[in-house]
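# Breakdown of the fold
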Amino acid sequence: MRSFRSRGPDRPARPARPIRLRRPRRLAALLLCAAAVLFPTAVPAGAAAPPPVPGTLTAYDIGSVLSAGVSSGGYMATQLHVAYSGTFEGSAVFASGPYDCARGQLATALNACMDTTQNLQLAALEQTTRDRSAQGQVDPVGNLAGDPVYVFSGSGDSTVKRPVVDALADYYGRFGARVRYDRSTAAGHAWITPLGPNSCTVTQSPYLNNCGIDAEGALLGHLLGSVAAPGSGTGGSLIRFDQNTYAPGGSAAAISMGGEGFAYVPASCAEGARCRLLVALHGCKQGYAYQGFGTRFVEGAYLNEYADTNDLIVLYPQAAPTATLENPNGCWNWWGYLGDTAYARHGGKQIEAVMGMVRALRGTGTPPPASGRAVLSSTDTEDGYVKAAADGSGAAVGTLEDVSGLALGRGTDGRVNRSLVSFDTSRILAGKEVTRAWLTVTRSGGSGDPWASPAGNRLQVDLRTGCFGGCAVEPADWSAAASVADAARIGAFTSGSAVSTDLSAAALAALNRGGVTQFRLGFASAPGGTAYLFVNRDTPVTLTVEYR
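Computed from a prediction, not measured in an experiment: that's the story for all the values here.

### Notes on the sheet that holds strand E4 (residues 148-152)
Taken in spatial order, the nine strands line up as E1-E9-E10-E12-E11-E2-E3-E4-E5 in an open sheet, and their pairing is mixed. The sheet terminates laterally at strand E1 (53-54) and strand E5 (178-182), the two strands that pair on one side only. Summarising the sheet, strand E3 (residues 88-94) and E4 pair through four bridges and their orientation is parallel. Each residue of the ladder has a partner; that of Ala92, found in E4, is Tyr150. Where helix H2 (residues 72-83) meets the sheet, it contacts strand E2 (62-70), E3, E4 and strand E11 (275-281), and its direction lies at approximately 165° from that of E3. Each of E3, E4 and E5 is contacted by helix H5 (residues 162-174), which is oriented at about 165° to E5, the strand it contacts most.

Have a look at this one:
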């Protein structure tokens, strides 16, 4: 479960040069050399959990929702809690650091969020959270005030060092959460459980350590207020369900998740009792699909036992190793692998998959993305870009779309570029209320940083019900009036894909349900010098629409 670097004489050397995320082979190599060494251990001899039975996630009477996780799963538990604090009411974390500690950079993940050779800049992480909240990229941070948070760090954990976990406790405290911090044992890097086959201080597979304490009773007592004594963990059903149903695009493998997930449902919940939901996230090398690991985490985490006696459903989503070298150990995405720049906020692929599962269990959403979500690709024949002087004079249609993509920012010719993308929004199912929508763009090149010229420059999205002029791009589109100006924004990114903020309420209302909706992307201020990017050369811009 050690997310990155192994410790010992066989540990490969730390890379000497800075990481560049645009180098997938470099990223893959680092992931391999940073991955933990797999030590053979016996299968846990813990509770005799019921055998998994095939099924689906159906609706139960669920009140509060909580998250818990270890290592990469701990980071994901925090991401879920912060991104959707309107849904999650608390979190429990073993051995991980503060929200979005990695900032999309593997080097930061290694050096600041596991080791302490780099300052993790807690104040900046707090400000990023507040900024995202203000922009609607995560739920309002005010929701975190008063939420129970359980944090655990063992003094024997050299994978995620104690100061990193200290920073997580500090981070939550800055938002007024009620933090209980357990750092009383010499535990290694692991989920701590009375069913663990490992002794307390080791760090080795299956990363389930027995430290002579009931950490689950402590964390659930803090999250739930009080708990009844645990039962056998065999009084409910362990449902095995298809995670592809919830993955954006319908492919769990494409986002490094397994085809199968699990949910433990006590008999009381199945019979209609009011229950709570805990989303429990394994660490690296603990997923069902990782080298035959199977359900050892599901059986050994000592959560099903408490579920039986406390009206608690436990959802066990499963990350999975990639067939490529992007994520060979099946870690949850907390540093932005596979180009998912939204991994820690609304629109993050794994976050949205898990949220789909949560909504299915609560009965607050239609589980399959195909019926509750539409992903529309832009109409290539109607996409293009327009260049003009900063004041809009001398506008002309750009000519490099087929070679480089759609241009944004100031080019080498001194002209300022804006891009147009069109969508057939009549494809949104009739009679449905649109609740949320966002754009996804993929970068194909560029030069300079137009977000920093001038400082704080914004890449904003204007919306036109219908088309700005004719639907084919024309010079007048550069300055034509929008139906909704500044309908969304796209944050700075240097490679891969980026997800916009959610469309504003006015923009959702302005989507043309009878035909075309056109978007114009452009920087709010003309960059002072050459600073531009290209998008949409090989991957079309998409509009994702959620509805009910």
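Don't stop here, the text continues.
### What to know about the packing of aromatic side chains
A full pass over the atoms with the stated rule returns 18 aromatic pairs. Taken together, a centroid distance of 5.7 Å and an interplanar angle of 75° make the contact between Tyr171 and Tyr172 edge-to-face. The class of Tyr172 is buried, set by a relative accessible area of 0%. Between Phe241 and Tyr246, the aromatic rings sit 6.0 Å apart at their centres with planes inclined by 85°, giving edge-to-face as the arrangement. Comparing Phe241 with Tyr246 shows no difference in burial state: the two are buried. An aromatic cluster is present here, built from Phe94, Tyr150, Phe152, Trp191, Phe297 and Tyr316 joined pairwise through their rings. Stacked on the ring of Phe293, the Lys or Arg Arg296 has its end atom at 4.2 Å from the ring centre. Across the ring face of Trp478, the terminal group of Arg418 is positioned such that the distance to the ring centre comes to 3.6 Å.

Each value, and the rule that gives it
- Residues numbered from 1 in each chain as written.
- Predicted model: local features only at pLDDT ≥ 70, side-chain atom pairs only at ≥ 80, totals over all residues.
- Heavy atoms only, no water.
- Pairing = 2+ DSSP bridges.
- Helix = DSSP H or I, 4+ residues; strand = E, 2+ residues; numbered from the N terminus.
- Contact = heavy atoms within 4.5 Å.
- Axes fitted to C-alpha atoms, helices over the stretch in contact; angles between N-to-C directions.
- Phe/Tyr/Trp six-rings, centres within 6.5 Å; stacked < 30°, edge-to-face > 60°.
- Buried < 20%, exposed > 50% of the residue type's maximum accessible area, 1.4 Å probe, protein only.
- Lys NZ or Arg CZ within 6 Å of the ring centre and 35° of its normal.

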